[in-house]
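# Architecture at a glance
This is what each chain is made of:
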Amino acid sequence: MDYRILGPLEAFDGERALSLGGTRQRSVLALLLLRAQEALTRDVIIDELWGETPPPTAAKVLQNCISALRKELPDGGAALRTVGGAYALEVASGELDRDRFEQGLAKGRAALAAGESEEAAEQLRTALALWRGGPLSDFSYEHFAQEEIARLEELHVEAVEDRIDADLAGGRAEGLVAELEALVGRHPLRERLRRQLMLALYRTGRQAEALAAYRDARRTLLGELGIEPTRALQELEKAILAQDPAIDVEPRRAARAAAPGRHAATPVVGRDDELTVFDAALDDALAGRGRLFVVVGPPGAGKTHLADEVASRAKVRGAAVRWGRGWDGGDAPPYWPWRQAIRELPEHDGAERFRYFAAVTELLRTEAAKQPLVLVLDDLQAADEDSLLLLEFVASEVAEMPMLIVGVARDGAPRLEELARVATRTLQLGSRT
Ligand SMILES: Nc1ncnc2c1ncn2[C@@H]1O[C@H](COP(=O)(O)OP(=O)(O)OP(=O)(O)O)[C@@H](O)[C@H]1O
Ligand SMILES: [Mg+2]
């Protein structure tokens, strides 16, 4: 037999769909399925189905339902036994879709725990495919079904969350954002979904949106429950701000390729002059004579590629590399490129700009004193003006620090002239085509 309750009630004997009759008869079958193997006395069944004041005909109606079910079931209804004054339905392992679902869920979770994300995703997808709608959906107003409906609905969301974890672990964040946004809309207070949405956005390069998702979660939790997000969610926000490698996708695929600043993926061709300049700049910076270099050029000129190579050379020579980028997708917090590069960046809480800039400069001085620093600020054409002003301020102080700053911008970016004035040099790259 194939009994199904993950949606409207259905029963199949092989290919043949059983005719399940009217509401009462369907309710009797559902109740027997939920309490399979158990001997249920007539009184218990009547109580479950009709409540405290059953009609005088209840016993008779129940009797009719049982015989009708027996006629539909194979082998003359041998599976529906009468034991004294009670009825019991034999349901073998795997005959009920709910049990198949729970078995698949357990296997999926075991695989997830073992780090086998592909296997886990596969198992969980198969298990979730058993769902055809709300559980026991034709009994949503029946008292006897309430508890199980609630349990199964919860289990379903958890299984979806597990499957999404498996997808995230397998580096498949791309397809998840839209699904997660819909899920968060339906379950706004589930922090696990909020966390997954933040991660999916972050890992598809949508960091500002990941932070906006955190703020939205916090607003909802405060508004609805008057509580702050859990520590775990708060830490995730911090990790996103800091671009903590710990939240990169586990098998290093998409995120690695999308995140520059670690090592140039392909060799740098035809940039000998520029690299000679930067090697000298690195000599100076490591010797405590800090510099700002600006790289400008049209889109695709190879600006990021060049900065990437400079960063790898710096790393080999013992410098720490920090990398931040402008974001023009909207909604970026103030000082976003700086914030990405420097996780300890203080909040600009309305202090005068000068005092704030001075504080950031002192922080950089302290950091660079511990280990020479290379700071790359890329895509400055998409940075907020305050970030550019801060860069000009820091650049005017950098000469005394073991620090090389590389500012990268497209042609025509704002404040390029002002930057050039405080830069040691501005390198103009031509189009590569
Ligand atoms: N010197 C180079 N040698 C080999 N490949 C390069 C070189 N410069 C750039 N490329 C390749 O050309 C492509 C565009 O380069 P890159 O992303 O650095 O451009 P960009 O100037 O930063 O552009 P955008 O303004 O859009 O950020 C990349 O795929 C990069 O790997
Ligand atoms: Mg670039």
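The structure presented is a predicted model; accordingly, all values stated were derived computationally and were not measured.

## What about the domain arrangement of the chain?
- In terms of domain boundaries, the chain breaks down into domain 1 (1-169), domain 2 (171-259) and domain 3 (266-428).
- The distance between the C-alpha centroids of domain 1 and domain 2 comes to 35 Å.
- Contacts between domain 1 and domain 2 engage seven residues on the former and twelve residues on the latter.
- Class assignment for the residues of the side of domain 1 that touches domain 2 results in five nonpolar, no polar and two charged.

## Looking at the environment of Glu119
- Inspection of the secondary structure assignment puts Glu119 in helix H5 (residues 117-128).
- Residue class for Glu119 comes out partly exposed when judged on the 17 C-beta atoms lying within 10 Å of it.
- As a C-alpha pair, Glu119 and Arg109 span ten residues in sequence and 9.8 Å in three-dimensional space.

## Section: helix H12 (residues 272-286)
- Along its 15 residues, H12 runs 21 Å from first to last C-alpha, staying within 8% of the 21 Å computed at 1.5 Å per residue.
- Those residues of H12 not exposed but buried are Phe278, Ala281, Leu282 and Ala285. Looking straight down H12, one finds its buried side chains confined to an arc of 105°; they lie on one side. Among the exposed residues of H12, those oriented more than 90 degrees off its buried face are Asp272, Asp273, Thr276, Ala280 and Asp283.

## Focus on the packing of helix H9 (residues 207-225) against helix H10 (residues 231-241)
- It is the contact of H9 with H10, at a shortest axis distance of 10 Å, that shows an interaxial angle of 155°. Here H10 runs roughly antiparallel to H9, going by the angle between their axes. H10 is crossed by H9, and the crossing has left-handed handedness. For the pair formed by H9 and H10, the contact residues are Gln207, Ala210, Leu211, Tyr214 and Ala217 on the first element and Leu233, Glu237 and Ile240 on the second.
- When the residues that make up the contact of H9 with H10 are grouped by side-chain class, the tally is six nonpolar, one polar and one charged.

## Quick look at the site of ligand 1
- Lining the immediate surroundings of ligand 1 are 15 residues, of which Val269, Gly302, Lys303, Thr304 and His305 lie closest.
- The leading source of residues in the shell around ligand 1 is helix H13 (residues 303-316), at three residues.
- A class-by-class count of the residues in the shell around ligand 1 yields four nonpolar, seven polar and four charged.

## A look at the sheet that holds strand E11 (residues 425-428)
- Strand order across the open sheet formed by five strands is E8-E9-E10-E7-E11, with parallel pairing between neighbours. Either end of the sheet is taken by a strand with one partner, and the two such strands are strand E8 (320-325) and E11. Neighbour-to-neighbour, the strand axes of this sheet turn through a mean angle of 15°, independent of strand direction.
- The pairing of strand E7 (residues 291-297) with E11 spans four bridges and is classified as parallel. Bridging across to E11, Val296 finds its partner in Gln428.

## Points about the pairing of strand E5 (residues 80-83)
- As paired strands, E5 and strand E6 (residues 86-89) are joined by four bridges and run antiparallel to one another. Following the sheet pairing, Arg81 is matched in E6 by Ala88.
- Between E5 and E6, which follow one another and run antiparallel, lie two residues, and Gly84 among them has a positive phi close to 60°.

## A few points about the nonpolar core
- Val374, Val376, Met403, Leu404, Ile405 and Val406 are the most contacted members of the largest nonpolar core, which totals 51 residues.
- Not counting chain neighbours up to four residues away, the residues in contact with Leu404 comprise Ala281, Leu282, Ala285, Gly290, Arg291, Ala314 and Val374.
- Leu32, Phe101, Leu124 and Phe139 belong to the second-largest nonpolar core, a separate cluster that totals 33 residues.

## What about the packing of helix H15 (residues 353-370) against helix H16 (residues 385-395)?
- Interhelical geometry of H15 versus H16 gives an angle of 55° and a closest axis separation of 10 Å. Considering their axes alone, H15 and H16 lie oblique with respect to each other. With respect to the hand of their crossing, H15 and H16 are arranged in right-handed fashion. The segment H15 lies against H16, with Phe357, Val360, Thr361 and Leu364 engaging Leu390, Phe393 and Val394.

## Considering the sheet that holds strand E3 (residues 16-17)
- On the basis of which strands lie adjacent, the open sheet formed by three strands has the order E1-E2-E3 and antiparallel pairing. Of all the strands in the sheet, the pair left with one neighbour each is strand E1 (2-4) and E3.
- Here E1 runs beside strand E2 (residues 10-13); their pairing, made up of three bridges, is antiparallel. What sits directly across from Tyr3, in E2, is Ala11.

## Here we look at the environment of Val398
- Take Val398: it is sitting in the loop between H16 and strand E10 (403-410).
- Considered as a pair, Val398 and Ala239 are 159 residues apart in the sequence and their alpha carbons are 28 Å apart.
- Discounting residues that sit within four places of it in the chain, Val398 has contacts with Gly290, Arg291, Leu292, Met403 and Ile405.

Basis of the calculations
Residues numbered from 1 in each chain as written. Chains lettered and ligands numbered in written order. Predicted model: local features only at pLDDT ≥ 70, side-chain atom pairs only at ≥ 80, totals over all residues. Domains from an automatic or database assignment. Contact = placed C-beta atoms within 7 Å. Nonpolar A, V, L, I, M, F, W, Y, C, P; charged D, E, K, R; others polar. Helix = DSSP H or I, 4+ residues; strand = E, 2+ residues; numbered from the N terminus. Buried ≥ 20, exposed ≤ 12 C-beta atoms within 10 Å, placed from the backbone. Expected span 1.5 Å × (residues − 1). Arc of directions from axis to C-beta. Axes fitted to C-alpha atoms, helices over the stretch in contact; angles between N-to-C directions. Parallel < 35°, antiparallel > 145°, perpendicular 65-115°, else oblique. Left-handed = near helix turned anticlockwise from the far one by under 90°. Near = placed C-beta within 6 Å. Pairing = 2+ DSSP bridges. Core = buried A, V, L, I, M, F, W, Y, C linked by C-beta atoms within 7 Å.

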